[in-house]
Amino acid sequence: MSLRELIVERTRTRGSLTFAEYMELALYHPELGYYTGAAQQSGRAGDFFTSVDVGPWFGRLLAVQVAEMWAVVDPAGSAAQFDLVEAGAGNGRLARDVLDAALETPAFYGALRLHLVERSAEARRAQATVLAAHGPRVASRGPDLPETIRGVIYANELLDAFPVHRVAMTRDGLREIHVDANGGHLVERLEPVRTACLAEHLDDLDVPMPVGSRAEVNLLALDWIHSAAQRLERGFVILIDYGDRAPRLYGAAGRHGTLTAYRQHTDTTEPADWLDAPGDWDLTSHVDLTSVIACAERHGLRCLGALDQTYFLLGLGAAEIAGGAATRNDRAGLTARLAVKTLLQPGGLGSTLKVLLFGKGVGTPALRGCSQGTRLT
Ligand SMILES: C[S@@+](CC[C@H](N)C(=O)[O-])C[C@H]1O[C@@H](n2cnc3c(N)ncnc32)[C@H](O)[C@@H]1O
């Protein structure tokens with residue numbers, strides 16, 4: 001039975017699904033979900049590119065920020081351990097790039113206890129091979145955040161891969177978008193809002209949605225940051241995601257929502273293209289940064305910066321990498337220059353990806369990642 005048939009069957013027995021229930025099955029059904037069956041979905045042979053696919057430079061720059069955070073959490077460099085938790089770690093490529101760079105500072109590298117948190121069992125299996133050279137540094141691999149963390153939690157493109165609720169503002173008020181069956185096919189259906197917290201959440205944001213507009217609400221992102229805030233004893237959180245501020249997502253500018261489907265490097269926002277093929281497409285939506293920051297601060301994290309990836313990476317030395325590469329005329333120099341340009345590109349990865357930095361029990365240190373200004377375009 002295909003995932004579409006399974007969902008059609010489910011609507012027959014239990015009625016329509018909220019979009020979040022549909023997206024949960026489409027991405028994470030235990031056998032047929034998009035992320036379940038493969039250790040890696042991004043890259044040239046996959047469906048989309050992340051900053052990790054560009055090469056080792058993203059991880060190398062992230063390592064600069066993590067090393068600085070290590071020095072804040074443990075200034076004497078005397079603690080035996082520093083937890084480095086990657087959430088949504090995929091097959092471990094980003095962690096490998098970070099650890100490869102950390103090797104250059106032996107005391108830092110020696111203190112690291114790496115925890116890889118990843119939902120897909122297939123991706124978790126691949127981590128042992130990808131991180132073979134750093135085996136002694138890997139403290140845990142599993143689907144959940146460790147109970148207590150003293151160090152840094154980081155995630156690249158995690159929250160934007162969470163199942164979201166979708167809402168539509170009609171002349172008769174707010175409606176939730178459901179997925180239902182029509183014959184053997186899946187279609188959207190507008191239903192009264194029955195999901196707990198959804199309408200309250202939008203009311204609290206106080207950004208009236210214009211009639212005719214649609215938007216996503218990522219309640220799981222709020223649960224996740226709440227959980228991260230609770231489990232972090234002392235240290236930092238770094239989140240890198242497609243995202244924007246609430247007024248831009250829910251106000252007049254965001255009329256159609258940001259939900260986008262990716263397959264073989266084509267993207268579409270038109271549900272007719274992907275609704276009937278759950279499991280075949282990656283689905284992603286922009287994270288409401290305003291709500292994530294507010295939720296984090298309610299639960300004990302302090303926001304230390306919210307900025308475009310461009311400025312974050314420039315602060316960490318991206319220009320120096322490109323400058324160093326510019327002095328070399330060989331292929332490796334050209335590759336490095338192009339890679340850094342791709343990571344910084346305004347209108348591309350550089351400005352659609354936003355970075356949120358949080359601290360807990362560490363004061364308000366001036367972080368290198370924020371040294372080029374905390375500009376959110
Ligand atoms: C878009 S991919 C990003 C992978 C990797 N971070 C990168 O940058 O290439 C999102 C990853 O998050 C994982 N994921 C989704 N929800 C998760 C959760 N609640 N906890 C841990 N991992 C999760 C997915 O299985 C997938 O591997």
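This is a predicted model, so every value here is computed, not measured. (Residues numbered from 1 in each chain as written. Predicted model: local features only at pLDDT ≥ 70, side-chain atom pairs only at ≥ 80, totals over all residues. Heavy atoms only, no water.)

S.K.: Can you help me understand the packing of aromatic side chains in this one?
M.R.: Two aromatic rings, taken as a pair, are described by how far apart their centres are and by the angle between their planes. In total, this model carries five aromatic pairs according to the counting rule given. For the ring pair Phe19 and Trp274, a centre distance of 6.0 Å and an interplane angle of 80° mean the geometry is edge-to-face. You can see Phe19 sitting in helix H2 (residues 19–28) and its partner Trp274 sitting in helix H10 (residues 271–274), a full 255 residues away along the chain. Judged by relative accessible area, Trp274 falls into the buried class, the value being 1%. On the numbers, 5.6 Å between centres and 15° between planes, the contact of Tyr28 with Tyr35 is stacked. For Tyr28, a relative accessible area of 15% gives the class buried. We classify Tyr35 as buried; its relative accessible area is 19%. (Phe/Tyr/Trp six-rings, centres within 6.5 Å; stacked < 30°, edge-to-face > 60°. Helix = DSSP H or I, 4+ residues; strand = E, 2+ residues; numbered from the N terminus. Buried < 20%, exposed > 50% of the residue type's maximum accessible area, 1.4 Å probe, protein only.)

S.K.: Help me understand a negative patch on the surface in this model?
M.R.: Taken together, the side chains of Glu200, Asp203, Asp204 and Asp206 make up a negatively charged region of the molecular surface. Here Glu200 shows up in helix H7 (residues 198–205). A residue is classified by how much of its surface remains accessible, and Glu200, at 47% relative accessible area, is partly exposed. (Patch = residues over 30% accessible without salt bridge, like charges linked within 9 Å, V, L, I, M, F, W, Y side chains within 5 Å. Areas by Shrake-Rupley, 256 points an atom, 1.4 Å probe, with all protein chains shown as cover. Salt bridge = Lys/Arg side-chain N within 4 Å of Asp/Glu carboxyl O. Lys, Arg positive; Asp, Glu negative; His and termini not counted. Charge placed at Lys NZ, Arg CZ, Asp CG, Glu CD.)

S.K.: Would you take a moment to explain the environment of Ala121 for this structure?
M.R.: Mapped onto the elements of the fold, Ala121 is located in helix H6 (residues 121–130). A relative accessible area of 33% means that Ala121 is categorised as partly exposed. For the pair Ala121 and Asn91, spaced 30 residues apart in sequence, the C-alpha to C-alpha distance is 9.7 Å.

S.K.: Any chance you could explain the nonpolar core here in plain terms?
M.R.: It is characteristic of soluble globular proteins that their nonpolar side chains tend to be buried jointly. Judged by nonpolar contacts, the single largest core of 52 residues is most densely connected at Leu84, Val152, Tyr154, Ile238, Phe312 and Leu357. Grouped together as the second largest cluster of nonpolar side chains are 29 residues, Ala155, Leu159, Ile225 and Leu301 included. (Core = buried A, V, L, I, M, F, W, Y, C linked by side-chain atoms within 4.5 Å.)

S.K.: Sorry, what's going on with the side chain of Asp244 here?
M.R.: Here Asp244 is to be found in strand S10 (residues 232–244). Overall, the relative accessible area of 13% leaves Asp244 in the buried class. Every residue in contact with Asp244, bar those within four places of it in the chain, is listed here: Leu249, Val287, Asp288, Leu289 and Thr290. (Contact = heavy atoms within 4.5 Å.)

S.K.: What am I meant to see in the pattern of salt bridges here?
M.R.: Pairs can form between side chains of opposite charge once their charged atoms are near each other. Following the criterion strictly, the structure yields 15 salt bridges and no others. Here Asp180 and Arg189 are joined by a salt bridge, their closest N and O atoms 2.7 Å apart. Given a relative accessible area of 15%, Asp180 falls into the buried group. On the basis of relative accessible area, Arg189 is assigned to the partly exposed category, the value being 33%. What emerges from the salt-bridge pattern is a single network uniting Arg166, Glu188 and Arg214.

S.K.: I keep staring at the site of the ligand and nothing clicks. Help me out?
M.R.: Around the ligand, the structure places 15 residues, and the nearest of them are Tyr28, Tyr35, Gly88, Glu118 and Asn156. Within the backbone of Arg119, a nitrogen or oxygen atom sits 3.3 Å from a nitrogen atom of the ligand. In this structure, an oxygen atom belonging to the ligand sits 2.7 Å away from a side-chain N or O atom of Asn156. Protein chains bury 89% of the 600 Å² of accessible surface belonging to the ligand in isolation. Taken together, the residues that form the shell around the ligand break down as six nonpolar, four polar and five charged. (Near = heavy atom within 4 Å. Polar contact = N/O pair within 3.5 Å; in protein donor to acceptor, adjacent residues only side chain to side chain. Nonpolar A, V, L, I, M, F, W, Y, C, P; charged D, E, K, R; others polar.)

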